[in-house]
Amino acid sequence: MTALKGLLEALVLVVISFAVAAVIAGLWIAFGDGAFVTRFGICLVAVGALVAITGGASLSRMGSADAFAWLGQGPERASDDDGGRVLTGVGIFLFVSVPLVIAGGLLATA
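Quantities reported herein were computed from a predicted structural model and do not represent experimental measurements.

Focus on the packing of helix α2 (residues 36-54) against helix α4 (residues 89-108)
Geometrically, a packed helix pair is captured by the angle between its two axes and the distance between the axes.
Here's step 1: The contact between α2 and α4 brings their axes to 7 Å, and the two run at 160 degrees. Comparing the axis directions of α2 and α4 gives the class roughly antiparallel. Viewed along their axes, α2 and α4 form a crossing whose handedness is left-handed. Every residue of α4 that contacts α2 at Val37, Thr38, Phe40, Gly41, Ile42, Leu44, Val45, Val47, Gly48, Ala49, Val51 and Ala52 is listed here: Ile92, Phe93, Val96, Ser97, Leu100, Val101, Ala103, Gly104, Gly105, Leu107 and Ala108.

Structural data, given as C-alpha coordinates:
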(Lines give C-alpha, C1' and ligand atoms only; values in the text may rest on other atoms or scores of the structure.)
Protein backbone atom coordinates (compact mmCIF):
# COMPACT_ATOMS: atom_id res chain seq x y z
CA MET A 1 0.00 0.00 0.00
CA THR A 2 2.89 2.36 0.73
CA ALA A 3 4.31 1.76 -2.76
CA LEU A 4 1.00 2.77 -4.33
CA LYS A 5 0.91 5.93 -2.23
CA GLY A 6 4.46 6.74 -3.32
CA LEU A 7 3.65 6.20 -6.99
CA LEU A 8 0.52 8.32 -6.65
CA GLU A 9 2.55 11.08 -5.01
CA ALA A 10 5.08 10.86 -7.85
CA LEU A 11 2.28 11.04 -10.43
CA VAL A 12 0.83 14.15 -8.79
CA LEU A 13 4.26 15.80 -8.73
CA VAL A 14 4.85 14.94 -12.40
CA VAL A 15 1.45 16.34 -13.43
CA ILE A 16 2.05 19.55 -11.46
CA SER A 17 5.54 19.85 -12.98
CA PHE A 18 4.14 19.38 -16.50
CA ALA A 19 1.56 22.10 -15.83
CA VAL A 20 4.18 24.52 -14.49
CA ALA A 21 6.46 23.81 -17.47
CA ALA A 22 3.55 24.36 -19.88
CA VAL A 23 2.72 27.72 -18.30
CA ILE A 24 6.36 28.83 -18.40
CA ALA A 25 6.69 27.70 -22.03
CA GLY A 26 3.46 29.52 -22.90
CA LEU A 27 4.77 32.73 -21.35
CA TRP A 28 8.07 32.24 -23.17
CA ILE A 29 6.18 31.94 -26.48
CA ALA A 30 3.99 34.95 -25.65
CA PHE A 31 7.01 37.22 -25.12
CA GLY A 32 9.11 35.74 -27.91
CA ASP A 33 8.87 33.47 -30.87
CA GLY A 34 9.68 29.83 -31.37
CA ALA A 35 8.11 26.40 -31.31
CA PHE A 36 6.08 25.48 -28.25
CA VAL A 37 7.26 21.86 -28.18
CA THR A 38 10.92 22.81 -28.07
CA ARG A 39 10.38 25.46 -25.40
CA PHE A 40 8.21 23.04 -23.42
CA GLY A 41 10.99 20.42 -23.52
CA ILE A 42 13.56 22.93 -22.28
CA CYS A 43 11.20 23.97 -19.47
CA LEU A 44 10.65 20.33 -18.51
CA VAL A 45 14.40 19.77 -18.21
CA ALA A 46 14.73 22.92 -16.08
CA VAL A 47 11.80 21.97 -13.83
CA GLY A 48 13.14 18.41 -13.53
CA ALA A 49 16.54 19.72 -12.45
CA LEU A 50 14.90 22.08 -9.97
CA VAL A 51 12.81 19.27 -8.49
CA ALA A 52 15.93 17.10 -8.25
CA ILE A 53 17.72 19.78 -6.27
CA THR A 54 14.83 20.72 -3.99
CA GLY A 55 13.10 17.33 -3.73
CA GLY A 56 14.45 16.46 -0.30
CA ALA A 57 14.33 18.47 2.87
CA SER A 58 18.03 19.32 2.84
CA LEU A 59 17.56 22.81 1.37
CA SER A 60 14.98 23.78 3.97
CA ARG A 61 17.32 22.57 6.72
CA MET A 62 20.24 24.51 5.24
CA GLY A 63 18.14 27.65 5.19
CA SER A 64 17.51 27.48 8.92
CA ALA A 65 21.06 26.45 9.89
CA ASP A 66 22.24 30.07 10.36
CA ALA A 67 19.32 30.89 12.62
CA PHE A 68 19.89 27.82 14.77
CA ALA A 69 23.62 28.58 15.00
CA TRP A 70 22.93 32.20 15.96
CA LEU A 71 20.54 31.02 18.69
CA GLY A 72 23.14 28.57 19.96
CA GLN A 73 21.05 25.51 19.13
CA GLY A 74 22.17 22.35 17.40
CA PRO A 75 21.22 21.52 13.83
CA GLU A 76 17.65 20.72 13.00
CA ARG A 77 16.92 17.02 13.18
CA ALA A 78 14.79 15.04 10.77
CA SER A 79 11.48 14.21 12.37
CA ASP A 80 9.41 11.11 11.91
CA ASP A 81 6.49 13.22 10.71
CA ASP A 82 7.08 14.12 7.06
CA GLY A 83 3.75 15.86 6.63
CA GLY A 84 2.19 12.94 4.80
CA ARG A 85 5.02 12.49 2.30
CA VAL A 86 5.84 8.95 1.28
CA LEU A 87 8.69 9.56 -1.17
CA THR A 88 12.13 10.45 0.09
CA GLY A 89 14.56 12.69 -1.76
CA VAL A 90 15.90 9.68 -3.69
CA GLY A 91 12.37 8.59 -4.63
CA ILE A 92 11.53 12.06 -5.87
CA PHE A 93 14.72 12.08 -7.92
CA LEU A 94 14.07 8.65 -9.46
CA PHE A 95 10.32 8.82 -10.02
CA VAL A 96 9.82 12.53 -10.74
CA SER A 97 13.03 14.25 -11.85
CA VAL A 98 14.43 11.55 -14.13
CA PRO A 99 11.18 11.13 -16.13
CA LEU A 100 10.83 14.91 -16.44
CA VAL A 101 14.39 15.32 -17.74
CA ILE A 102 14.02 12.39 -20.17
CA ALA A 103 10.68 13.65 -21.52
CA GLY A 104 12.04 17.20 -21.76
CA GLY A 105 15.14 16.03 -23.58
CA LEU A 106 13.06 14.08 -26.09
CA LEU A 107 10.73 17.04 -26.67
CA ALA A 108 13.54 19.59 -26.90
CA THR A 109 15.26 17.63 -29.67
CA ALA A 110 12.04 16.93 -31.60
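A word on the side chain of Ser97
Here's step 1: Mapped onto the elements, Ser97 comes out in helix α4.
Here's step 2: When its relative accessible area of 2% is taken as the criterion, Ser97 is described as buried.
Here's step 3: A distance of 3.0 Å separates a polar side-chain atom of Ser97 from the backbone nitrogen of Ala52.
Here's step 4: Those residues within four positions of Ser97 in sequence are excluded, and the remaining contacts are Gly48, Val51, Ala52 and Ile92.

Details of α4
Here's step 1: The principal kink in α4, of about 30 degrees, is found at Ser97, preceding the proline Pro99 by one to four residues.
Here's step 2: Among the structural elements, α1 (2-30) and α2 are those in contact with the buried residues of α4.

Thoughts on α2
Note: α-helices contain 3.6 residues per turn, so residues at a spacing of three or four share the same orientation.
Here's step 1: Between its first and last C-alpha, α2 extends 26 Å over 19 residues, near the 27 Å set by a 1.5 Å rise per residue.
Here's step 2: Within the span of α2, buried status applies to Arg39, Phe40, Gly41, Cys43, Leu44, Val47, Gly48 and Val51.

What to know about the nonpolar core
Here's step 1: Residues Ala21, Val96 and Leu100 are the most contacted members of the largest nonpolar core, which totals 13 residues.
Here's step 2: If you list the elements that add at least two residues to this core, you get α1, α2 and α4.
Here's step 3: Ranked by residue count, the leading element in this core is α2, at 5 residues.
Here's step 4: Those residues within four positions of Ala21 in sequence are excluded, and the remaining contacts are Phe40, Cys43, Leu44 and Val47.

Things to note about the packing of aromatic side chains
Between two aromatic rings, the relevant description is the distance of the centres plus the angle of the planes.
Here's step 1: As enumerated under the stated definition, the model contains 2 aromatic pairs in all.
Here's step 2: Here the aromatic rings of Phe36 and Phe40 are separated by 5.6 Å at their centres, their planes lie at 10 degrees, and the arrangement is stacked. Placement of the pair is Phe36 and Phe40 together in helix α2, with a separation of 4 residues, close to one helical turn.
Here's step 3: When its relative accessible area of 11% is taken as the criterion, Phe40 is described as buried.
Here's step 4: Grouping aromatic residues by their ring pairs yields a cluster made of Phe18, Phe36 and Phe40.
Here's step 5: One Lys or Arg, Arg39, reaches over the ring of Trp28 and ends 4.4 Å from the middle of that ring.

Cut-offs used in this document
Residues numbered from 1 in each chain as written. Predicted model: local features only at pLDDT ≥ 70, side-chain atom pairs only at ≥ 80, totals over all residues. Heavy atoms only, no water. Axes fitted to C-alpha atoms, helices over the stretch in contact; angles between N-to-C directions. Helix = DSSP H or I, 4+ residues; strand = E, 2+ residues; numbered from the N terminus. Parallel < 35°, antiparallel > 145°, perpendicular 65-115°, else oblique. Left-handed = near helix turned anticlockwise from the far one by under 90°. Contact = heavy atoms within 4.5 Å. Buried < 20%, exposed > 50% of the residue type's maximum accessible area, 1.4 Å probe, protein only. Polar contact = N/O pair within 3.5 Å; in protein donor to acceptor, adjacent residues only side chain to side chain. Bend = angle between axes of the 7 residues up to and from the residue. Expected span 1.5 Å × (residues − 1). Core = buried A, V, L, I, M, F, W, Y, C linked by side-chain atoms within 4.5 Å. Phe/Tyr/Trp six-rings, centres within 6.5 Å; stacked < 30°, edge-to-face > 60°. Lys NZ or Arg CZ within 6 Å of the ring centre and 35° of its normal.

The values reported here are purely geometric and, on their own, carry no functional implication.
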